[in-house]
Amino acid sequence: MMTSLGNKLMLVSIAAFSLNVWAGDRPYISTTTAVAEEDDDNVWAVATSYQKIGNANVLVGSVEYAFNPTNSVQFEFTRTRTRTYDLDSESDVDSTEHEAEIEFKHLFNHIARDGWGLGITASLLFSRPQDDVWRHKGVALNVPFSLALWERSGFLHLNVGATKEIDEALQWNASAAIERKVAKDTTLFAEVGRKGQETLLHGGIRYWVKREKFAIDFSLQRTRDAEQRRDGFVIGFNLFDL
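Rules behind the numbers
Residues numbered from 1 in each chain as written. Predicted model: local features only at pLDDT ≥ 70, side-chain atom pairs only at ≥ 80, totals over all residues. Heavy atoms only, no water. Helix = DSSP H or I, 4+ residues; strand = E, 2+ residues; numbered from the N terminus. Contact = heavy atoms within 4.5 Å. Areas by Shrake-Rupley, 256 points an atom, 1.4 Å probe, with all protein chains shown as cover. Pairing = 2+ DSSP bridges. Buried < 20%, exposed > 50% of the residue type's maximum accessible area, 1.4 Å probe, protein only. Salt bridge = Lys/Arg side-chain N within 4 Å of Asp/Glu carboxyl O. Polar contact = N/O pair within 3.5 Å; in protein donor to acceptor, adjacent residues only side chain to side chain. Phe/Tyr/Trp six-rings, centres within 6.5 Å; stacked < 30°, edge-to-face > 60°. Patch = residues over 30% accessible without salt bridge, like charges linked within 9 Å, V, L, I, M, F, W, Y side chains within 5 Å.

**Focus: the overall build of the protein**
In step 1: Counting its secondary structure elements, the protein contains 2 helices and 12 strands.
In step 2: Listed by position from the N terminus, the elements making up the protein come as α-β-β-β-β-α-β-β-β-β-β-β-β-β.
In step 3: Pairs at least 24 apart in sequence give 48% of the contacts found in the protein among residues at least 6 apart.
In step 4: When the accessible area of the protein is evaluated, it comes to approximately 12,800 Å², of which 61% is carbon and sulfur surface.

Okay, here's the thing in structure tokens:
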């Protein structure tokens, strides 16, 4: 009986670890940008991605609405499916959990005018563990800063923030990301992030199928904490100005 209980506790802990989901503006995983597009008035953007990280498969979908270039709201939904080996049944066991986030972003200035941008985001977090109901999980605050580089053909993004989950200690997070246009329709990007005790390394390529309308991302990622390292990849599809 103790063995069975131990296996169940192990499955729960692994599933919880796999659901330590990072939140960022695509193509990034952990970084929010402070780039205000001058023509973003009453427009929608939709992003979807598939992530394979360790023994977890993560599907992410988000919808963003920009009231104007400096104010927007985004809803993001994440489904994580984790496969582990159960010693009792001697077979693989799948566990599925869900998270949702509502993020409000305000930018204080226009990067096109000033060459840099500063903003603030506030998020409400929700989760639904396997076979359970949706619950309020916590709140998050983040301060993004962006700097235009290479005559505005690239950007540096810096973030600092904190997450407070219910009945959990305050968790600080920080990230840095850089991107640069290397061809007419191609941008390279990379980022490093730190959330609590977990570190993220992530980088890849964005290809614009139709400039400012439809982009495809492909990237590699690695997460590491005190106990383990996990490697994986991300494929993303993004629609803008809807």
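Now that the structure is up, let's keep going.
**Here we look at the pairing of strand E2 (residues 56–68)**
In step 1: Bridge count for strand E1 (residues 43–53) against E2 is 11 bridges, and the pairing is antiparallel. Each bridged residue has a counterpart across the sheet, and for Lys 52 the counterpart in E2 is Asn 57.
In step 2: The hairpin formed by E1 and E2 contains 2 residues between the paired strands, and Gly 54 there has a positive phi angle of roughly 60°.

**Comments concerning the environment of Gln 197**
In step 1: Among the secondary structure elements, Gln 197 is positioned in the loop between strand E9 (186–195) and strand E10 (198–210).
In step 2: Accessibility expressed as a relative area gives 60% for Gln 197, which makes it exposed.
In step 3: The sequence separation of Gln 197 and Ala 226 amounts to 29 residues, and the corresponding C-alpha distance is 7.2 Å.
In step 4: In this structure Gln 197 touches Arg 224, Asp 225 and Ala 226, once residues within four positions along its chain are discounted.

**What to know about the environment of Phe 237**
In step 1: Note on placement: Phe 237 falls in strand E12 (residues 229–239).
In step 2: C-alpha of Phe 237 to C-alpha of Pro 27: the two residues are 210 residues apart in sequence and 9.2 Å apart in space.
In step 3: For Phe 237, the residues in contact, after removing those within four places along its chain, are Val 46, Ala 47, Thr 48, Phe 214, Ala 215 and Ile 216.

**A few points about the pattern of salt bridges**
Pairing between side chains becomes possible if they bear opposite charge and their charged atoms approach one another.
In step 1: Scanning the model with the defined rule gives 10 salt bridges in all.
In step 2: Ionic pairing is found between Lys 137 and Glu 99, a salt bridge with its closest N-O pair at 2.1 Å. Here Lys 137 is found in strand E6 (residues 135–149), whereas its partner Glu 99 is found in strand E4 (residues 91–107), with 38 residues between them in sequence.
In step 3: Overall, Lys 137 belongs to the buried group, its relative accessible area being 18%.
In step 4: Lys 137 serves as the salt-bridge partner of Glu 165, at 3.6 Å between the closest nitrogen and oxygen. Of this pair, Glu 165 sits in strand E7 (residues 154–165) while Lys 137 is found in strand E6, placing the two residues 28 residues apart along the sequence.

**Looking at the side chain of Ser 219**
In step 1: Assignment of secondary structure puts Ser 219 in strand E11 (residues 214–224).
In step 2: Taking relative accessible area as the criterion, Ser 219 reaches 3% and is therefore assigned buried.
In step 3: Only 2.6 Å separates the side chain of Ser 219 from the side chain of His 202, close enough to count as a polar contact.
In step 4: Look past the residues within four positions of Ser 219 in its chain and what remains in contact with it is Phe 189, His 202, Gly 203, Gly 204, Phe 233 and Val 234.

**Topic: the packing of aromatic side chains**
In step 1: Tallied over the full model, the rule gives 8 aromatic pairs.
In step 2: Centre to centre, the rings of Phe 77 and Trp 134 are 6.0 Å apart; their planes meet at 55°, and the pair counts as tilted. Taken together, the positions of Phe 77 in strand E3 (residues 71–86) and Trp 134 in the loop between strand E5 (116–128) and E6 put the pair 57 residues apart, joining distant regions of the chain.
In step 3: With a relative accessible area of 30%, Phe 77 lands in the partly exposed category.
In step 4: Each residue in the set Trp 44, Tyr 65 and Phe 67 is aromatic and connected to the rest through ring pairs, giving one cluster.

**Comments concerning a nonpolar patch on the surface**
In step 1: A cluster of nonpolar side chains, namely Phe 108, Trp 116, Leu 118, Ile 120, Val 143 and Val 160, defines an oily patch on the protein surface of about 490 Å² accessible area.
In step 2: Of all the elements, E5 adds the most residues to the nonpolar patch, at 3 residues.
In step 3: Position of Phe 108 relative to the elements: it lies in the loop between E4 and helix H2 (111–114).

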